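Each chain, written out:
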Amino acid sequence: MRIDLHTHSRASDGTESPDEVVRAAALAGLDVVALTDHDTAEGWPEAERAAREVGIELVRGIEISARHDGRSVHLLAYLPDPTYPPLLAALQLVLDGRTARLPAMLERLRALGIAIDAEDVRRVAGDAVATGRPHVADALVRLGVVADRTEAFRRYLNPGRPAFEKRYAAPLVETLRIVAEAGGVTVIAHPWGRHGHQLPDEATLAELGDNGLSGLEVDHQDHDAPTRERLRAIARNLGLVVTGSSDYHGLGKVDHELGCNTTAPEEYSRLLERAAEAAAAAGRGVPVLTAG
Ligand code: AMP
Ligand code: FE
Ligand code: FE
Ligand code: ZN
C-alpha cells in the first residue's frame, strides 16, 4: 500500500486541477492520496469523482494556515465536515487575509520598478480559492521577471525579501478544537520544515497532543534525515501518528513528486481510527472514504 497524505491542486497553489492530481496519483502507483489544499475544501468534489473513476482511495483534507507562539504552523486537517460553521468561519478569515495582503505585495513590487497589478495575479491564479505568494511568483514568471517560483521566492517573496508581506493565520489551539468538533483529525505538516529550527519543541508538541493533535508529518522533503529521526522519536514518545507525504504542487514545487515520501499502512490505520473516534466524540458518523 502506497499512501501519500499531502497534495495541492489549483484550488490553492498547485498547478494541476484536483482531477489531474488524483489521476497523477494513480499513475504514480499510489493506493491512497489526500488532497490538502491550503485553507479550502473546494477541490474535494472533483477529486472524489476522479478517485472513484481511477479506483484510488481519496482522503479529504485541508492544510490550514495557523500560528502558535508567534510562529507559522501548517495544520493538516483530515476528514472534517467542511460545512461546520465554525470551521467555515475560521477558513474564511484566513482566505480574507490572503486576499487582503495581495495589494500590499504588489505595491512593494511596483516600488522596485516591476510593472505588476492585480490582473496579472488573477490571470495566473485562475479560480484558485486560496491565493498566495506562489501566485504572485507565477505572475512574475509570466512577466519575465524571474525564471521560476524558486527564484521569485528567493529574490522577492521569502521573509526578509522586499515583497514579503505577513498575513493572518488561525490560532492553532482553537483550530485543533474546531477541527475535532467537525469530526476531523489533525497532523502538523512539516513541523520543523525549511528553516532548520527545531520548534515547536517536544514540550509544545506534548501540549498540542493534549489539545487534540493526532500526528506529525515526519517524512517530508523539508526534513533531513537527522530531523526525521528526532521527530519520529518525539512522535513515539507522545503517542502521535507518524505520516509521510510529498506535499505535491504539480510543477509548482521542485523535488516534491507524488509518493516521494509515504505513510506506513499501520500509521494510516491509526489515523483513520482516530478519525472514527473524533467523529464519534463529535456525535457524527464515521467518515466514509472513497472506495478504492
Ligand atoms: P503563502 O501561504 O501565500 O504565504 O505562501 C506559502 C506557500 O508558498 C507554501 O504553500 C509553499 O508551498 C510555497 N512556497 C514557499 N517557498 C517556495 C519556493 N521556494 N518555491 C515554491 N513554492 C514555495
Ligand atoms: Fe503550497
Ligand atoms: Fe505547508
Ligand atoms: Zn502543503
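Note that residues are indexed from 1 along each chain, following the sequence as it is written. The naming scheme follows written order: chains are lettered A onward, ligands numbered 1 onward. Given that the model is predicted, a residue must reach a pLDDT of at least 70 before its local features are reported, and side-chain atom pairs must reach 80 or more before they are shown or counted; all residues, however, enter totals for whole chains, interfaces and linings. Side-chain metrics in this entry use all non-hydrogen atoms of the structure; hydrogen atoms and water are not considered.

Some remarks on the coordination of the zinc ion (ligand 4)
Under the convention used in this document: In this description, a donor is an N, O or S atom within 2.8 Å of the metal centre, a cutoff extended to 3.2 Å for sodium, potassium and calcium. Water is not part of the atom list, which can make sites seem incomplete. Geometry is assigned from donor-metal-donor angles: four donors are tetrahedral when every angle falls between 85 and 135 degrees, four are square planar and six octahedral when opposite donors sit over 155 degrees apart with all other angles between 65 and 115, and any other arrangement is irregular.
The coordination sphere of the zinc ion (ligand 4), as far as protein atoms go, consists of His6 (NE2), His8 (NE2), Glu63 (OE) and Asp247 (OD), spread over 2.1 to 2.3 Å. With 4 donor atoms in place around the zinc ion (ligand 4) and angles of 78 to 166° between them, the coordination shape is irregular. Between consecutive donors of the zinc ion (ligand 4), the numbers of intervening residues give the motif H-x1-H-x54-E-x183-D.

Quick notes on unusual backbone geometry
If a residue is not glycine, its phi is most likely negative; likewise, a peptide bond is most likely trans. Quick reminder of the rule: To qualify as a helix, a DSSP run of H or I must reach at least 4 residues; to qualify as a strand, a run of E must reach at least 2; elements of each kind are numbered from the N terminus.
Cis geometry is adopted by the peptide bond preceding proline 200, which originates at leucine 199 and carries an omega value of 0°. Positive phi values are uncommon outside glycine, yet aspartate 69 reaches one of about 50°. Along the chain, aspartate 69 falls in the loop between strand E3 (57-68) and strand E4 (71-78).

What to know about the site of ligand 1
Basically, it comes down to this: The criterion for a residue being near a molecule or strand is simple. One of its heavy atoms has to lie within 4 Å of it. Each polar contact in these results corresponds to two N or O atoms within 3.5 Å; when the atoms are within protein, one needs to be able to donate a hydrogen and the other to accept it, and residues that are neighboring in sequence are counted only if both atoms are side-chain atoms. The protein chains shown are the only cover counted for residues, whose accessible areas, like all others here, come from Shrake-Rupley with a 1.4 Å probe. Start and end positions for the domains come from either an automated domain assignment or a database one.
Around ligand 1, the structure places 14 residues, and the nearest of them are Asp13, His38, Arg101, Arg133 and Arg167. Take arginine 101: an N or O atom from its side chain is 2.3 Å from an oxygen atom of ligand 1. For ligand 1, the protein covers 91% of the area, taking 500 Å² as the surface of the free molecule. Looking at the shell around ligand 1, the elements with two or more residues in it are helix H3 (85-111), helix H5 (133-142) and helix H6 (149-157). Summarising the domain contributions, the shell around ligand 1 has at least three residues from each of domain 1 (3-94 + 168-281) and domain 2 (102-157).

Quick notes on the nonpolar core
Where a protein is soluble and globular, its nonpolar side chains tend to be buried together. Note the threshold: Buried residues of nine kinds, namely Ala, Val, Leu, Ile, Met, Phe, Trp, Tyr and Cys, make up a nonpolar core once their side-chain atoms join them within 4.5 Å. Three exposure classes are used, based on accessible area relative to the maximum for each residue type with a 1.4 Å probe and protein chains only: buried under 20%, partly exposed in between, and exposed over 50%. We call two residues in contact when some of their heavy atoms are within 4.5 Å.
If you look at the biggest cluster of nonpolar residues, it comprises 45 residues, and the most contacted ones within it are Ile64, Leu87, Ile188, Leu213 and Leu216. Excluding residues that lie within four positions of it along the chain, isoleucine 188 makes contacts with Val73, His74, Leu75, Leu205, Leu208, Leu213, Gly215, Leu216 and Glu217. Formed by 17 residues, the second largest nonpolar core is a distinct cluster that contains Met105, Ile114, Ala137 and Leu157.

Description of the coordination of the iron ion (ligand 3)
Surrounding the iron ion (ligand 3) are the protein donor atoms Glu63 (OE), His74 (ND1) and His190 (NE2), at 2.0 to 2.2 Å. Look at where the donors of the iron ion (ligand 3) fall in the sequence and you get E-x10-H-x115-H. A distance of 5.6 Å spans the gap from the iron ion (ligand 3) to the iron ion (ligand 2). Placement of glutamate 63 in strand E3 and of histidine 190 in the loop between strand E6 (185-188) and helix H8 (202-210) is noted, with a sequence separation of 127 residues between them. The class of glutamate 63 is buried, set by a relative accessible area of 0%. On the accessibility criterion, histidine 190 (11% relative accessible area) is buried.

Some details on the domain arrangement of the chain
For an interface, size is often stated in terms of accessible area lost upon the parts coming together. Stated precisely, the cut-off is as follows: Buried area adds together the accessible area that both of two parts lose upon being put together, with accessible area traced by a 1.4 Å probe. Any carboxyl oxygen of Asp or Glu that lies within 4 Å of a side-chain nitrogen of Lys or Arg is treated as forming a salt bridge with it. Residue polarity is assigned by list, with Asp, Glu, Lys and Arg as charged and Ala, Val, Leu, Ile, Met, Phe, Trp, Tyr, Cys and Pro as nonpolar; anything else, Gly included, falls into the polar class.
Segmenting the chain into domains produces domain 1 (3-94 + 168-281) and domain 2 (102-157). Computed over C-alpha atoms, the centres of domain 1 and domain 2 are 26 Å apart. Of the residues lining the interface, 11 residues belong to domain 1; the matching set on domain 2 comes to 7 residues. Of the roughly 630 Å² buried at the junction of domain 1 and domain 2 (both faces included), carbon and sulfur atoms supply 53%. Counting the contacts that link domain 1 with domain 2 gives 0 salt bridges. At the junction of domain 1 with domain 2, the criterion picks out 4 residue pairs in polar contact (both at pLDDT 80 or more). Looking at the side of domain 1 that touches domain 2, its residues break down into 2 nonpolar, 6 polar and 3 charged.

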